[in-house]
Every structure is written in structure tokens, then in C-alpha cells.
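Each chain is listed here by its residues.
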Amino acid sequence: MQITSPAPRILIVEPLKSGLAVMARRLGEAGYRVVVASTATDAVSELHRAPVDLLLAELRMTPMSGIELVRLVRDDSSLKDLPVVLITGRSDATGAVDGFAAGADDVVAKPFHFEVLLARIAQRLAKARAVRELRRDNATLDARVTTRAIELGEMRAAFEASEAERRRLAAMVRVAD
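Keep in mind that what you see is a predicted model, and the values were worked out from it rather than measured.

Peer 1: Got a minute to help me understand the overall build of the protein chain in this structure?
Peer 2: Within the protein chain one finds five helices and five strands. Along the protein chain, from the amino end to the carboxyl end, the secondary structure elements read β-α-β-α-β-α-β-α-β-α. In terms of C-alpha radius of gyration, the protein chain reaches 27 Å, well past the compact-globule figure of 16 Å for 177 residues. Along the first, second and third principal axes, the C-alpha set of the protein chain runs to 100 × 35 × 30 Å. Put simply, 64% of the contacts in the protein chain that link residues at least 6 apart link residues at least 24 apart. For the protein chain, the exposed area adds up to about 11,000 Å²; of that, 58% sits on carbon and sulfur atoms. Considering the protein chain, the positive charge centre built from 26 side chains and the negative charge centre built from 24 side chains are found 2 Å apart.

Peer 1: Would you explain unusual backbone geometry in this entry?
Peer 2: Residues other than glycine predominantly adopt negative phi, and peptide bonds predominantly adopt the trans conformation. A cis geometry characterises the amide bond from Thr-62 onward to Pro-63, with omega recorded as -5 degrees. Mapped onto the elements of the fold, Pro-63 is located in the loop between β3 (54–58) and α3 (66–75). The linkage connecting Lys-110 with the following residue, Pro-111, adopts the cis geometry, with an omega of -10 degrees. In this structure, Pro-111 sits in the loop between β5 (106–109) and α5 (114–176).

Calculation notes
- Residues numbered from 1 in each chain as written.
- Predicted model: local features only at pLDDT ≥ 70, side-chain atom pairs only at ≥ 80, totals over all residues.
- Heavy atoms only, no water.
- Helix = DSSP H or I, 4+ residues; strand = E, 2+ residues; numbered from the N terminus.
- Rg over C-alpha atoms; globule rule 2.2 N^0.38 Å.
- Contact = heavy atoms within 4.5 Å.
- Areas by Shrake-Rupley, 256 points an atom, 1.4 Å probe, with all protein chains shown as cover.
- Lys, Arg positive; Asp, Glu negative; His and termini not counted.
- Charge placed at Lys NZ, Arg CZ, Asp CG, Glu CD.

Read these as layout, nothing more, since geometry by itself doesn't imply function.
In C-alpha cells, the structure reads:
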């Protein structure tokens, strides 16, 4: 699956250098721009340094876990809508449930087929893009409603002024008769 430009930027958080290198290489080959961090603390710094389109993080990390990282992201108003995918061990059902409870968009258990991970990432990115478009459209509609309300208020004021002038002229005609 090849990605069209501009390529989405993905931040990978993985404490194991070998896992980080493999994941970064594979995502890069799939057409994504990849940024890496070996700790959740480094990830938070990177998230505030430059925007990313998706956060892919290991669930079990120290000193800050992937779950704590998700909570930080969800509590930050500038990051709260960032798609987050956590990676967990095969037998870590509790961690997966905790990840979803913290606000993760998806949890992928190891071992996984890389193509499945790519499909999940593509789905999360598409959903995030659709939400951004809806927000942009809503902002445009809100601006149009505001403009129309102002125009309506101006038209009402002009009508009321015209009606007052008509009544004044009608009263003058009655006085003249």
C-alpha cells in the first residue's frame, strides 16, 4: 500500500532500538514520513515541536507508559484529536482495555502482520482527515450563518426605518388633507 503526497507524518514511540528501527523502516517504505522517540517523554517533546498525523506507541514503557502518554495527549487541547495506536503484547488484554479507556483509537497486539497495521493506520488517518474536513466545513457554515444573521439584522433595521418613514409620510398626508 503506497501513500500519496503529502505523506502523513507518524511518530513512533518504542523503547527497543531494534523494534524502533524495523518499524521506522517499514513505515518509511510504505510512504510515511517517520519520526521516532525511544521514550514517552521524548514523544511529548516531539509532539510539541512539530505536528504529526498519528502517534504509534508501545503500551508497556517506562518510566511513562503508553497509557499515560495517551492520557497526556487527550488532556492537551492542541493534541486531543491526534489518532493514537498502541502496540501491546499478545497476552495483554488488560493493557488493551486500559489503552482504550485512556483514549487510544486502536490497540494492536504483537505479533501482527505489518499489512494489517498499515491498514489500521490508513483507516485512522482517513478518519482524522474526515474529522478535520468536517470541522473546516462547520467553521465555514458558522461563518456563513453569522454573516447571514448580520445581513438579516441590517435588512430588518432598514425595513423598520423604511416603515417608520412610510408612517411619517402617511401622517403628513393625513394632516395635509
